[in-house]
Amino acid sequence: MAEVIVVGGGVGGMVAALLLARDGHQVRLHEKLPRLGGKLAEHRRDGFTFSLGPSLLTLPSIFEVLGVKLDLVEPSELCRYRFPDGTVLSARRDPARMAAEVDRLAPGEGRAWLAFHQWARGCWEASQRTFFTGPLTRPPSGAALSDLLAVAPGRTLDGLARRFFRDPRLHRYVGRYATYAGSSPYRAPAALGCVPAIEHDHGGWYVPGGLPRLADALAGQLASAGVEVAVGSEVTAVLADSGRVRGVRPAGSGRVRGVRLADGETVCADVVVVNADAAELYGRLLPDRRRLRRISRLGLSSSVFLLLAGVEGTTEGLPHHSIVFSGDYGREFADIFDRRRPPEDPTVYIGCSSVDDPSQAPPGAENQVLLVNVPARDPGRWPMSPEAYRDLVLERLAARGHDLAGRLRFVEMFTPADLRDRYGAWGGAVYGTPYRGALAPFLRPGNRGPRRGLYLVGGSAHPGGGLPLVAMGGHIVASLVKEDFPR
């Protein structure tokens, strides 16, 4: 039995802690915030509830096998896409219905969507046999050369869209999946095109009461498994042997000894699982300039600018999830990743959970979360103030038919600075580093750290961000501990 400390109570850390406790290890989890869940958080005001993090649950079976019981609601549309010319694509889960919707938007392209969906299935199946089976340093036993070809190596997500579709509106629809990983469709690998197989074959779900109820359910499982949870408990350092021999520190030498807390207490452990941004680990908790430089060369994923709007009245026909596209998609991503400024003409995600859950807003009102992808950068360095950018976003939405003028009870902002300060995310990057280039998935920080007994889990480490992937990361870390510290 190993003494285990988990640093950070995000979903990845919670899953790792739960599995390690069930394997018989003594586990203690430290979370600096007053509640568990990490980015799976919410904000309440005047009877309104807003999700600050994920608004959609995919692959719920990953959590069901952990014993998490949730009543799930499936919205009638996966998402509604509104294009600059005013046309609309209603994404339906059933592939045949989806193909019909695509044909309605772009006659003749429905068959192409079915081919695209079939490709996505093959890509997803290949990824399950390879990328998601464990750490990238261990060759997957069930992999074949065909799995490499199935993910369209060397092709970008935008290139994949152009391979299947002629209509430029469908290029934008496919390109949107890059933003699920904080990346640009013009640089992200085509493998991100596997997402439609997940959404259309397994569904996109909502948890009544808000997705943070998933974190509450996981917390209940931690208690049942005997995990000792300390909230409001910040870890300021990971303690480890240097591993130096005559002034030389061989790669991977040394071992962890425990952690130091903000109050100065030292807690010993055989295993430390860090559920924090990898740059935070190597920049502050266990300084390592070489690894920090390696991460910095990869760049930062995008961040988000959230407007939490308490809206008077209800909007006829408003779906749970919708996207209002910008007029120039290429310029938008150049603003984010090249010019590093908020897009002058942003694409806006509109989430309205009160459509399916009246508990999220007072009677006769709506809770609307308006999300814009922006650079991971301090808003103090933007060319305009956050308040001015808030007004710009609302004006752009009004010009495209979503006018909230005269209906706003209040609007609160959540900026990259909030992400940085609350979660230790460098620059406010949501996913650590972006997927940029064919090898990007293999360049992210791995799950084993540079000291024996040190492991990483969360959106900035393998296999990536998003609820299903960080949960998979928790499974991978638990398997590595089991391998490295057999009972």
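Structure's up top.
Residues numbered from 1 in each chain as written. Predicted model: local features only at pLDDT ≥ 70, side-chain atom pairs only at ≥ 80, totals over all residues. Heavy atoms only, no water.

Asks: Break down the pairing of strand 15 (residues 365-374) for me, with residues and values.
Replies: Within strand 15, 10 of the 10 residues are buried, which leaves it mostly tucked inside the rest of the structure. Of the two faces of strand 15, the one carrying Ala-365, Asn-367, Val-369, Leu-371 and Asn-373 and the one carrying Glu-366, Gln-368, Leu-370, Val-372 and Val-374 are both buried. Sheet topology note: the strand 12 (residues 303-312)/strand 15 ladder contains 10 bridges and is antiparallel. Counted as the bridge partner of Ser-303 is Val-374 from strand 15. Two strands pair when backbone bridges link them, and strand 14 (residues 348-351) and strand 15 are joined in this way by 3 bridges, in the antiparallel orientation. Its bridge partner being in strand 15, Ile-350 is matched across the sheet by Leu-370. (Buried < 20%, exposed > 50% of the residue type's maximum accessible area, 1.4 Å probe, protein only. Helix = DSSP H or I, 4+ residues; strand = E, 2+ residues; numbered from the N terminus. Pairing = 2+ DSSP bridges.)

Asks: Outline the environment of Gly-67, listing residues and values.
Replies: With respect to the element layout, Gly-67 can be found in the loop between helix 2 (61-64) and strand 5 (79-82). With relative accessibility at 26%, the residue Gly-67 sits in the partly exposed group. Distance from Gly-67 to Gln-221, taken between C-alpha atoms, is 7.4 Å for residues 154 residues apart in sequence.

Asks: Any details on the sheet that holds strand 2 (residues 26-31)? Residues and values, ideally.
Replies: Pairing in this open sheet of 5 strands is parallel, and the strands run 7-2-1-11-17 from one edge to the other. The open sheet has two edge strands with one neighbour each: strand 7 (228-231) and strand 17 (454-456). Geometrically, the sheet is characterised by an average inter-axis angle of 15 degrees between neighbouring strands, direction not taken into account. Lying over the sheet, helix 1 (residues 11-22) contacts strand 1 (3-7), strand 2 and strand 11 (271-274), oriented at roughly 165 degrees with respect to strand 2. Strand contacts of helix 16 (residues 467-484): strand 11 and strand 17, with the helix running at about 165 degrees to strand 17, the strand carrying the most contacts. (Axes fitted to C-alpha atoms, helices over the stretch in contact; angles between N-to-C directions. Contact = heavy atoms within 4.5 Å.)

Asks: Kindly report on empty space enclosed by the protein, identifying the contributing residues and their values.
Replies: The full count for this structure, using the stated rule, is 2 cavities of 30 Å³ or more. Estimates place the volume of the largest cavity at around 60 Å³. Along its surface, the largest cavity is lined by Asp-277, Ala-278, Ala-279, Ile-295, Leu-300, Trp-426, Ala-429, Gly-432, Thr-433, Pro-445 and Ser-460. Looking at the lining of the largest cavity residue by residue, the class counts come to 7 nonpolar, 3 polar and 1 charged. As for the second largest cavity, its lining consists of Ser-184, Arg-187, Phe-337, Pro-434, Tyr-435 and Arg-436. Broken down by class, the residue content of the lining of the second largest cavity amounts to 3 nonpolar, 1 polar and 2 charged. (1 Å grid on protein atoms, 1.4 Å probe; cavity = no way out; pocket = protein on both sides within 12 Å on 5 of 7 lines; lining within 4 Å. Points joined across faces, edges and corners; volume = space filled by probe spheres on them. Nonpolar A, V, L, I, M, F, W, Y, C, P; charged D, E, K, R; others polar.)

Asks: Got a sec to walk through the packing of helix 6 (residues 157-164) against helix 7 (residues 168-175)? Specific residues and values, please.
Replies: Relative to each other, helix 6 and helix 7 sit at 140 degrees, their axes nearing to 9 Å. With respect to their mutual orientation, helix 6 and helix 7 come out oblique. The interaxial crossing formed by helix 6 with helix 7 has right-handed handedness. Along the contact surface, helix 6 presents Leu-157, Asp-158, Ala-161 and Arg-162, while helix 7 presents His-171, Val-174 and Gly-175. Of the residues contributing to the contact of helix 6 with helix 7, the split by class is 3 nonpolar, 2 polar and 2 charged. (Parallel < 35°, antiparallel > 145°, perpendicular 65-115°, else oblique. Left-handed = near helix turned anticlockwise from the far one by under 90°.)

Asks: Any chance you could break down unusual backbone geometry for me, citing the residues and the numbers?
Replies: At the junction of His-462 and Pro-463, the peptide bond is cis and its omega measures out at 5 degrees in the coordinates. Along the chain, Pro-463 turns up in the loop between strand 17 and helix 16. Even without being glycine, Leu-59 reaches a positive phi, approximately 50 degrees. Note that Leu-59 resides in the loop between strand 4 (48-51) and helix 2.

Asks: Can you explain helix 6? Please cite residues and give values.
Replies: In terms of burial, helix 6 is largely enclosed, as 6 of its 8 residues are buried. Listed in full, the buried residues belonging to helix 6 are Leu-157, Asp-158, Gly-159, Leu-160, Ala-161 and Phe-164. Against the buried residues of helix 6 lie helix 4 (110-129) and helix 7.

Asks: Describe the environment of Ser-326, and please don't skip the residues or the numbers.
Replies: With respect to the helices and strands, Ser-326 occurs in the loop between strand 13 (321-324) and helix 12 (329-337). Among the residues examined, Ser-326 registers a relative accessible area of 0% and is labelled buried. Put simply, Ser-326 and Arg-400 are 74 residues apart on the chain and 9.5 Å apart in space, counted from C-alpha to C-alpha. Not counting residues up to four positions away in its chain, the partners in contact with Ser-326 are Pro-84, Arg-172, Glu-332, Asp-345, Pro-346, Thr-347 and Arg-400. A polar atom in the side chain of Ser-326 sits 2.7 Å from the side chain of Glu-332. (Polar contact = N/O pair within 3.5 Å; in protein donor to acceptor, adjacent residues only side chain to side chain.)

Asks: Let's hear about a positive patch on the surface: which residues, and what values?
Replies: A surface patch of like charges, here positive, comprises Arg-289, Arg-290, Arg-293, Arg-294 and Arg-297. Position of Arg-289 relative to the elements: it lies in helix 11 (residues 289-298). A relative accessible area of 70% means that Arg-289 is categorised as exposed. (Patch = residues over 30% accessible without salt bridge, like charges linked within 9 Å, V, L, I, M, F, W, Y side chains within 5 Å. Areas by Shrake-Rupley, 256 points an atom, 1.4 Å probe, with all protein chains shown as cover. Salt bridge = Lys/Arg side-chain N within 4 Å of Asp/Glu carboxyl O. Lys, Arg positive; Asp, Glu negative; His and termini not counted. Charge placed at Lys NZ, Arg CZ, Asp CG, Glu CD.)

Asks: Can you tell me about the nonpolar core, naming the residues and giving the values?
Replies: Counting residues in each nonpolar core, the largest one holds 107 residues, and the members touching the most others are Phe-63, Tyr-81, Leu-89, Tyr-173 and Val-273. A total of 10 residues in this core trace back to one element, the largest contributor, which is helix 16. Apart from residues lying up to four places away in sequence, Phe-63 is in contact with Val-11, Leu-57, Val-68, Leu-214, Leu-218, Leu-467 and Ala-471. Ranked by size, the runner-up nonpolar core spans 21 residues in total, among them Val-238, Val-267, Tyr-282 and Leu-285. (Core = buried A, V, L, I, M, F, W, Y, C linked by side-chain atoms within 4.5 Å.)

Asks: Before we move on, could you go through the pairing of strand 11 and cite the residues and values that matter?
Replies: Taking every second residue as pointing to the same face, both faces of strand 11 are buried, with Val-271 and Val-273 on one and Val-272 and Val-274 on the other. Across 4 bridges, the pairing between strand 1 and strand 11 is parallel. Residue pairing in the sheet places Val-7 in a bridge with Val-274 of strand 11. Bridging between strand 11 and strand 17 involves 3 bridges; their strand directions are parallel. Note that in strand 17 the partner of Val-273 across the bridge is Tyr-455.

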